[in-house]
Amino acid sequence: EAKNFIALKILLSGWTEARPNDVDPLHNLGLIVLELGDIEFATKCFKRVHELCPKDNFAVVQLANLCFKQQKGRECLDYCDELLKRQYDDPNVVAMKARVMNWMGAYELALNFLQAYIDKYQAIDLFLVVRAEIYEYQEKYNLAISSLQHAKRLLESSEGKYTSDNLQFIDEKIQRLSLLK
């Protein structure tokens, strides 16, 4: 499989050289090199897509994720804000922004930001799990457990591909936090 990715990288690299303003091969090349673990080259690809097509949400999401993985908090927040200003309320973007705000020491701002989305989208358990992470980071274990229990109740009333895995994750997290309080 790695050989296939390398072959695709070579093919797409040639395509992007021949057509440097075509965003489709740049998208694909970015994904291929990301799969190969070349974060710097993937970032260059998605930045170029963003330059060529500033309203391309996919490229901005990829850039936010890449910055998150590299712990580039300020850049990650900028990309998240760009998406949210466009009304791109993807739960993963909201969660990423809240996590980064917390890591950067803006604990209360992160909670307030996240609470607005919890109020708006009451059935999204991810927001409750992230809120629990923020509480845990601040060693407020009872509040973290309470948030996880709320997320668990939401998950128990839903059906999805990852529901059982998510429930198991939450149960394990509650058990671990119970030992810390």
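See above for the structure.
Heads up: these notes are all about the structure in this document. None of these values were measured; they are calculated from a predicted model. (Residues numbered from 1 in each chain as written. Predicted model: local features only at pLDDT ≥ 70, side-chain atom pairs only at ≥ 80, totals over all residues. Heavy atoms only, no water.)

### So, the packing of helix α5 (residues 73–85) against helix α6 (residues 91–103)
Part 1 of the reasoning: For the pair α5 and α6, the least separation of the axes is 9 Å and the interaxial angle reads 145°. Helix-helix and strand crossings are classified by hand; for α5 and α6 the assignment is left-handed. Of α6, the residues touching α5 (which contributes Gly73, Cys76, Leu77, Cys80, Asp81, Leu83 and Leu84) are Val93, Val94, Met96, Lys97, Val100 and Met101.
Part 2 of the reasoning: For the contact of α5 with α6, the per-class residue count stands at 10 nonpolar, 1 polar and 2 charged. (Axes fitted to C-alpha atoms, helices over the stretch in contact; angles between N-to-C directions. Helix = DSSP H or I, 4+ residues; strand = E, 2+ residues; numbered from the N terminus. Left-handed = near helix turned anticlockwise from the far one by under 90°. Contact = heavy atoms within 4.5 Å. Nonpolar A, V, L, I, M, F, W, Y, C, P; charged D, E, K, R; others polar.)

### Side note on the pattern of salt bridges
Part 1 of the reasoning: On inspection of all chains with the given rule, the structure shows 9 salt bridges.
Part 2 of the reasoning: A salt bridge links aspartate 81 to lysine 97; the nearest nitrogen and oxygen atoms lie 2.4 Å apart. Of this pair, aspartate 81 sits in helix α5 while lysine 97 sits in helix α6, and the two are 16 residues apart along the sequence.
Part 3 of the reasoning: For arginine 86, the salt bridge goes to glutamate 82, with nearest N and O atoms at 2.5 Å.
Part 4 of the reasoning: We classify glutamate 82 as partly exposed; its relative accessible area is 23%.
Part 5 of the reasoning: Through salt bridges with shared partners, a single ionic network connects Glu136, Lys173 and Arg176. (Salt bridge = Lys/Arg side-chain N within 4 Å of Asp/Glu carboxyl O. Buried < 20%, exposed > 50% of the residue type's maximum accessible area, 1.4 Å probe, protein only.)

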